[in-house]
Amino acid sequence: MRRFWTTTVLMVIIAGALILRFYAVEWGLPYVDHPDEPTTAKTVLEMLRRGDWNPRFFDKPSLYYYALRVIFEAHWRYGLATGLYSDISQLPLGTYFYITTPGFFIWGRMLTALFGVATVILVNAIGRRWWGAAVGLSAASVLAVLPFHVRHSQFLTVDVLTGLMTALALAAALRLLEDQRWRAYALAGLLAGLAASTKYNAIAVALAVVLAHGLRLGRVSLYLFWRLPWMALWSAVGFFIATPYALMTPDVFLNDVLRQYADYTVSGGDLYRRWPVAGYLNFFWSDGLLPLPCIAMLIGIVVIVRRRDRAGLVMLGFALPYLLFVMAQRKHFFRNLMPIFPVLVLLAGIGIVATISYMLDRVVQQRQAESPSHVRLTPGTLFATGTLLLSAIVAIHPLIETIALDQLFAQPHSKVQARDYVR
């Protein structure tokens, strides 16, 4: 029965995550207002038009573009079979401001939404493996309804896939706490490289591998240091498997990377100054996590530190340096924080379950004091009910905000309404 109810709750969470992300996936079309979607679509459509796999664009690595190329190819074949398209000349030369073939955007956004749902499933799996089913379900429920994550799951951008691949690499890093074989390090390195092939800064997840190595082996880790270069080798393999033209066209790759680096030195973005701590705190409180998940996350951090939980310390050993690195930049985009969102919601899940456990312990102690002859039993049903209730309380505000956002962006675009009026 426990397994049945756990599976049922997880299915409800997954279904909710899917509905929230698919509901407004057609937002704005055929007008394109997001600043990054046109560049992404143009890069993939040009590959499709040329019939090759060279993105010729390395401001970002290639893994998301390759996934999108598969989906665009599928939509193109579907359009040819149904009469929607008839000739390669129908592929748009530009995708800025207005798109004549919105189907490509819809299919691409649905792919991003699926990556978002996959992240919810993975967060549950990590939480269940290391802290129990209650933590996994609590963390998944929070991520499923977060407005920030849902909104970015409806964009033709790399950020949500970056979060998914980083979470996969983090899961592999946590395995090193139990598995010290060569192949475990190779897998962790490979996934870290694949994470970096979605966005360069995601390579920071390799810090989790280093910390897991040190926490598992202690002083012996110094003598077995050679395992880390082995992991680094597989990181390079993972990166170049998914971004092969970085090796085939090194000059173009290096020029684009340097241009992207230079772009972070000019004004713009969500914030522009070094160490905007107040700005980031405001983001997490009012937009990124919202108040109750923030409080649950802070409780989770306290629990991890007090218990010296090795798996939790591995997560913090990645998330905290990554956050400090991002804040040290001059230009800031909050979407660059997507790699640490799986960690944040897992900490929130730990905080929720720890709070319920503490409250139940107090109740049981009070009953013991009132009735010393009372036999102390583990209140499993009460714990499950309390965890579910507190998770719902923490998630209700994000859910309301997400529904409001979906309703807003599901409305006809004002430009479409104006066009119809003029006609």
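For the structure, check the block above.
The structure contained in this document is the topic of the report that follows. The structure displayed is predicted, hence computed values, not measured ones.

Basis of the calculations
- Residues numbered from 1 in each chain as written.
- Predicted model: local features only at pLDDT ≥ 70, side-chain atom pairs only at ≥ 80, totals over all residues.
- Heavy atoms only, no water.
- Helix = DSSP H or I, 4+ residues; strand = E, 2+ residues; numbered from the N terminus.
- Buried < 20%, exposed > 50% of the residue type's maximum accessible area, 1.4 Å probe, protein only.
- Salt bridge = Lys/Arg side-chain N within 4 Å of Asp/Glu carboxyl O.
- Phe/Tyr/Trp six-rings, centres within 6.5 Å; stacked < 30°, edge-to-face > 60°.
- Lys NZ or Arg CZ within 6 Å of the ring centre and 35° of its normal.

## A closer look at unusual backbone geometry
A cis amide bond, omega 10°, links L29 with the succeeding residue P30. Positionally, P30 belongs in the loop between α1 (2-22) and β1 (31-32). Its identity as a non-glycine residue notwithstanding, F97 has a phi of 75°, on the positive side. Tracing the sequence through the fold places F97 in strand β2 (residues 97-98). In this structure F97 comes out as exposed when scored by relative accessible area, which is 64%.

## Section: the pattern of salt bridges
A side chain with one charge may pair with a side chain of the opposite charge, provided their charged atoms come close. Throughout the structure, instances matching the rule amount to 18 salt bridges. A salt bridge links R77 to E73, with the nearest nitrogen and oxygen atoms 2.8 Å apart. Taken together, the residues R77 and E73, both in helix α3 (residues 63-82) and four residues apart, mark about one turn of the helix. Taking the shortest distance from any N to any O, the salt bridge between R175 and D179 comes out at 3.3 Å. In the salt-bridge network here, residues are joined through shared partners; they are K42, E46, R50, D52 and R56.

## Considerations on the packing of aromatic side chains
On inspection of all chains with the given rule, the structure shows 27 aromatic pairs. Seen from their ring centres, Y78 and W107 are 5.6 Å apart, and the 35° between their planes marks the pair as tilted. Note that Y78 is positioned in helix α3 and W107 in helix α4 (residues 102-131), a separation of 29 residues in sequence. A residue is classified by how much of its surface remains accessible, and Y78, at 43% relative accessible area, is partly exposed. Put simply, the rings of F148, Y280, F283, F284, F334 and F341 touch in pairs and so form one group of aromatic residues. A cation sits over an aromatic face here: R151 above W27, 4.8 Å from the ring centre.

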